[in-house]
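What follows is the residue order along each chain.
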Amino acid sequence: MSRTLVGNIGLLVTNDSSFDGTPLGLVTNAAFLIERGTISWIGEMDSAPRAEVANYIDAHGRCIIPGFVDSHAHLIFAGDRSEEFRARMQGERYSSGGIDSTVQLTRQADNGHLLQSGRRLVAEANASGTTTIECKSGYGLTVEDEARQLVVARQLTEETTFLGAHVVPKEYADSPDDYVDLVCGPMLDAAKPHAKWIDVFCDKGAFTGDQARKILKAGMAKGLLPRIHANQLEPGEGVQVGVELGAASVDHVTYLSDADIDLLSGSKTLATLLPAAEFSTRSVYSDARRLFEAGVKVALASDCNPGSSYTTNIPFVIALAVRELHFSPEQAIWSATKGGAMALRRKDVGHLGLSAQANFSILSTPSYIHLAYRPGVPLIDEVWRNGTRIK
Ligand code: NIG
Ligand code: FE
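Residues numbered from 1 in each chain as written. Chains lettered and ligands numbered in written order. Predicted model: local features only at pLDDT ≥ 70, side-chain atom pairs only at ≥ 80, totals over all residues. Heavy atoms only, no water.

With that out of the way, let us pick up the pairing of strand β5 (residues 63-66). The alternating pattern of β5 places Cys63 and Ile65 and Ile64 and Pro66 on opposite faces, both of which are buried. Of the strand pairs in this sheet, strand β1 (residues 3-13) and β5 are connected by two bridges, and their pairing is parallel. The residue of β5 that forms the bridge with Leu12 is Ile64. The sheet contact formed by β5 and strand β16 (residues 360-363) spans three bridges and is antiparallel. (Buried < 20%, exposed > 50% of the residue type's maximum accessible area, 1.4 Å probe, protein only. Helix = DSSP H or I, 4+ residues; strand = E, 2+ residues; numbered from the N terminus. Pairing = 2+ DSSP bridges.)

Right, let's get into helix α2 (residues 99-108). Along α2, the residues that are buried comprise Ile99, Thr102, Val103 and Thr106. Angularly, the buried residues of α2 cover 105° about the axis, an arc narrow enough to put them on a single face. Buried residues in α2 make contact with α3 (111-127), α4 (143-154) and β10 (197-202). (Arc of directions from axis to C-beta. Contact = heavy atoms within 4.5 Å.)

Bringing the pattern of salt bridges into the picture now. Under the definition given, this model contains 24 salt bridges. One salt bridge in this structure joins Glu84 and Arg81, with 2.6 Å as the shortest N-O distance. The class of Arg81 is buried, set by a relative accessible area of 5%. Note that Glu159 is salt-bridged to Lys196, the shortest N-O span being 3.0 Å. Placement of the pair is Glu159 in the loop between α4 and β9 (160-165) and Lys196 in the loop between α5 (176-191) and β10, with a sequence separation of 37 residues. On the basis of relative accessibility, which here comes to 1%, the residue Glu159 falls in the buried class. A single network of salt bridges, built from pairs that share partners, joins Glu158, Glu159, Lys196, Arg346 and Asp348. (Salt bridge = Lys/Arg side-chain N within 4 Å of Asp/Glu carboxyl O.)

In this section: the packing of α5 against helix α6 (residues 209-221). When two helices pack together, their arrangement is given by the angle between the helix axes and the distance between those axes. It is the contact of α5 with α6, at a shortest axis distance of 10 Å, that shows an interaxial angle of 10°. Classified by the interaxial angle, the pair formed by α5 and α6 is roughly parallel. Within the contact between the two elements, α5 uses Pro176, Asp177, Val180, Asp181, Val183, Cys184 and Leu188 and α6 uses Gln211, Lys214, Ile215, Ala218 and Gly219. (Axes fitted to C-alpha atoms, helices over the stretch in contact; angles between N-to-C directions. Parallel < 35°, antiparallel > 145°, perpendicular 65-115°, else oblique.)

Counting residues in each nonpolar core, the largest one holds 89 residues, and the members touching the most others are Phe162, Ile215, Leu264, Leu273, Leu291, Phe327 and Leu371. Considering each element in turn, this core owes the most residues, eight residues, to α5. Composition of this core by domain shows at least three residues from each of domain 1 (3-67 + 351-389) and domain 2 (68-343). Beyond its immediate chain neighbours, meaning those up to four positions away, Leu291 contacts Leu256, Ile261, Leu264, Ala271, Leu273, Val296 and Val298. Of all hydrophobic cores here, the second largest spans 18 residues; its members include Leu12, Val27, Ile39 and Ala59. (Core = buried A, V, L, I, M, F, W, Y, C linked by side-chain atoms within 4.5 Å. Domains from an automatic or database assignment.)

Considered domain by domain, the protein is made up of domain 1 (3-67 + 351-389) and domain 2 (68-343). The C-alpha-based centres of domain 1 and domain 2 are spaced at 30 Å. Counting from both sides, the interface comprises 19 residues of domain 1 and, opposite them, 18 residues of domain 2. Regarding the contact of domain 1 and domain 2, the summed buried area is about 1,500 Å², with carbon and sulfur atoms giving 69% of it. Remark: the boundary between domain 1 and domain 2 carries three residue pairs in polar contact (both at pLDDT 80 or more). (Buried area = accessible area lost by both parts, 1.4 Å probe. Polar contact = N/O pair within 3.5 Å; in protein donor to acceptor, adjacent residues only side chain to side chain.)

As C-alpha cells, then:
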C-alpha cells in the first residue's frame with residue numbers, strides 16, 4: 001500500500017474548525033498523509049507519521065487549500081457568443097434570449113465535438129484549482145438533445161444536472177405549457193438515467209414559479225434532487241420554490257427580498273452566488289452581506305457558460321467576491337470549497353479531513369489571501385485529485 005506524505009506546508013486550509021476554532025480550520029507548519037487517494041492523517045509536521053511513506057511531497061512553506069468545488073456550470077455546448085458580449089459591453093442588456101443561438105449550434109454538433117469542448121473546459125477548470133465540477137444540460141431542449149448532453153456530461157463528472165427547463169424553445173413559443181409537459185414527461189424519462197440533479201431557470205423570459213414547482217416536483221418524483229436558477233434577472237418566486245422543495249441550493253439570487261432571506265435563513269438550502277455572471281452581464285452584484293448577517297450558508301461558483309459567464313476560473317470568482325461583494329478572504333475560500341460541496345450535498349470533497357478525497361491545490365504563495373490580493377495572476381502551482389497530481 002503506497003503512502004504519500006505532503007509536508008512542510010506553511011499554511012493549510014482544512015475547513016475543519018476543530019483545528020483552530022474558525023471555519024477554515026487553519027494549521028501552520030502542517031502535513032497530511034494520503035492513502036488510496038484519501039486523507040488518512042492530518043496535523044502538525046512535527047508529529048507526522050513517517051513509517052512506510054513511499055513518496056514525500058515538500059510544499060516548501062507554501063499554502064495548501066482544498067480543491068475548489070464548482071457547483072454551477074454549463075459546459076456542454078457548441079459555438080460562442082463573443083459578438084453578443086461585445087454588444088453588451090456597448091450597452092445592450094443581457095436577456096435569456098441569447099440562449100437560443102447556443103441551442104441551435106448545440107443541436108447541430110455531434111457528441112464527439114461536445115465532449116471535446118467540455119473536456120477543454122474541465123481541463124481549464126482543473127488548471128485553476130477546481131477538482132469537482134457540476135455540469136448542466138439545457139442547450140438541447142429536445143428529448144434527444146437533452147439526453148445526449150447529459151450522456152456527454154457524465155463522461156466529465158458525476159455531478160450532472162438536467163436543465164431541460166432552461167428556456168422555452170422557439171418551437172413551443174406559443175404553447176409553453178406543452179413544453180413544460182414535455183420536460184416533465186418524456187424528456188425527464190430520457191434524462192433521468194444520466195442525471196443526479198434537476199434544475200429550472202425560474203426568471204424573466206424563462207419559467208414562472210408555478211412551472212418551476214411542477215418541473216422540480218416531477219424530477220423529484222423520479223429520484224432527481226432539486227436545485228434552481230432563481231432571481232438572476234429580476235425579483236421573483238425562485239427562492240420561495242427552492243426552499244419549499246428543499247433544494248440543495250438556490251443559485252444566482254442577484255435580487256433578494258427580505259422574505260427570501262428569512263426563508264433561506266430558516267432552511268438548509270444554500271445560496272450560490274455567481275459574481276462572474278454579474279461581472280460579464282454588467283449587472284448589480286448579489287447582496288452577500290445580508291445573507292451572511294442572516295446566517296445563510298453561501299457557495300461561490302463559476303456559472304461557466306457561453307452567454308453570461310464564460311470563465312472556469314474560481315480564483316477570479318474569489319477576487320470578485322472579495323472586491324465587489326465584500327466577502328472576507330476567509331468567507332470566499334470557504335464558499336468556493338466547503339460551500340460548493342454542501343451545495344452538491346457532498347461530504348467527501350471541499351475539505352481536507354480524515355477520509356476526505358485528497359483533492360487540493362498547492363499555491364505559489366504563503367497564504368490563500370493572495371488569491372484575491374493578486375487578481376489575475378496564476379497562483380495555483382500544483383493540483384491533486386484523489387491523491388494524483390493533475391497539474
Ligand atoms: O446561469 N441563467 C440562465 N442560464 C445561464 C446563462 C445561459 C446563457 O446565457 O447561455 C446562467 O447565467
Ligand atoms: Fe447557470
